[in-house]
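Observations on chain architecture
These are the residues of each chain, in order.
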Amino acid sequence: MYKTDTYLCEMTYPLDEVQRDIITYLYLPLIGVQAYSLYHFLYEEARRMDRVHRSCALTRITSTINVSVAGLEDALKMLEGIGLLRSFYKQGRFLFVIQSPLSLKAFFSNQVLVTLLMHTIGEEDFHLTRNHFRVVKEDKEGYEEKTSSFGSIYSVDLSQSRPLDTQGHFLNYNEGQFALDYDLTLFYESLKDYSLPLGEVHHYDELYKQLAVLYSIDAISLSSMVREAFKEGVLDVEALKRQARSFYEMDNHSRLSQVYRTQPQQYRNLEASHGALDDHLHYLETISPYQLLKNKQGGAEPVMHDLTICETLMTQLHLTPGVVNVLLEYAMGNNDGRLSRAYCETIGAAWARKHIKTAKQAYEEAMKLTPERKAKVHSEKKKRAIKKEVDEQASHINLDELLNQLDPGDDQL
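Predicted model, so just to flag it, every value in this text is computed and none were measured.

Here we take up the environment of tyrosine 248. Take tyrosine 248: it is sitting in helix α12 (residues 237-251). Separated by 36 residues in sequence, tyrosine 248 and alanine 212 place their C-alpha atoms 10.0 Å apart.

In structure tokens, the structure reads:
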């Protein structure tokens, strides 16, 4: 299972309230919180994909429930083993089919599950859990029924567009509050000396808190960003968001570690150079991905987007710096100097599966990816060989005649 794999979700039947309780009270103690969270997330994904049938990358799961690929595999196996999930695989895509839990009668008749549950939560909690599903009914003797009839509540008038009318009091819908603990006192103190419209400033208090918490921005830096984002008395919200992201990226530059490493000695080619290719591969083995990107940009600092791609290739796919450098050059060469995360991770995952460790191995794999490029290299080698022969016999052979000896297909890329 790799991050570049995709998945689809289906469910056998929608869960009702009793089944949700069964999952929570009977299955959760057995499978643990991680598998429990995964089950509910995949169930909601199945509901969504029932309307929009489109596959997603596994990173959607790992990032949403905060689990590694290895942890995801373990949680999936736990759900499969206990009968809550069926998994299918075809050409880089998983199909997860959510299974309904056992009924109460079937679960409590299963001695394996009942014994495991009792052993896990203890005998006392087991009986409390079992009693949770019992329906307790009050003895109605002595009670007077006060149930309202249809006629006492509703009036029918077929001449109206809505013939059924009722009057009564209904509960109001109260939306949950999402409160963030961030003190804006120092923020507003820093803005006192600036002639900003306070009404406009206060209008975005929640936004300031959200950006500050999300990107770990201190109050002084936040006030500076807000001042710069005000244009003619109006806050440019998008400009403020861009500043916050830039602040975070600059602050997190130091958190990257692998992109500054060079190829380990055991994976370097220590043989003597036999030409320009060997010299270039040696260059890729002796500089870090960070330095390569910086050199490609004429000495300018690489952007965080490109650096995080390198960091991912090295930390999650465990590619060596030399292999990453070859991949960077290949990817930029085929995408007009741009780096695409999906493109790099797809190739990187393939190389990781093949245990590519050296720059030379990576170069050979890259050549296999593009037959046109391979043909061009072959053509160039043939031209160089002919040119060498020309140099040696310059007085006897015409250069144009030799070049014409090439196969016409060699130059057609």
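Here the narrative resumes.
For the rest of this paragraph, the subject is the environment of histidine 53. Relative to the helices and strands, histidine 53 is located in the loop between α1 (17-49) and β2 (56-57). On the basis of relative accessibility, which here comes to 55%, the residue histidine 53 falls in the exposed class. Between the alpha carbons of histidine 53 and glutamate 10 there is a distance of 9.6 Å; along the sequence they are 43 residues apart.

Time to look at the confidence of the model for the chain. On average, the chain scores 81 in pLDDT, and the residues at 70 or more come to 80%. Confidence over residues 169-174 falls short of pLDDT 50; this stretch has zero contacts with residues more than four positions distant or in other chains. Within the model, pLDDT remains below 50 along residues 394-400, and this stretch shows three contacts once partners closer than five positions in the same chain are excluded.

Our focus in this paragraph is unusual backbone geometry. We note that asparagine 66 has phi near 55°; this positive angle belongs to a residue other than glycine. As for its position among the elements, asparagine 66 is in the loop between α2 (59-64) and α3 (69-81). Given the relative accessible area of 69%, asparagine 66 is considered exposed. Although it is not a glycine, histidine 355 sits at a positive phi angle of roughly 60°.

Time to look at the packing of helix α16 (residues 321-334) against helix α17 (residues 341-353). Where α16 contacts α17, the two axes come as close as 10 Å, and the packing angle between them is 140°. Viewed along their axes, α16 and α17 adopt a mutual orientation that is oblique. Two packed elements cross with a definite hand, and for α16 against α17 that hand is right-handed. In contact with Val323, Val326, Leu327, Tyr330, Ala331 and Asn334 of α16, α17 contributes Tyr343, Cys344, Ile347, Gly348 and Trp351.

Thresholds applied
Residues numbered from 1 in each chain as written. Predicted model: local features only at pLDDT ≥ 70, side-chain atom pairs only at ≥ 80, totals over all residues. Heavy atoms only, no water. Helix = DSSP H or I, 4+ residues; strand = E, 2+ residues; numbered from the N terminus. Buried < 20%, exposed > 50% of the residue type's maximum accessible area, 1.4 Å probe, protein only. pLDDT = per-residue confidence, 0-100. Contact = heavy atoms within 4.5 Å. Axes fitted to C-alpha atoms, helices over the stretch in contact; angles between N-to-C directions. Parallel < 35°, antiparallel > 145°, perpendicular 65-115°, else oblique. Left-handed = near helix turned anticlockwise from the far one by under 90°.

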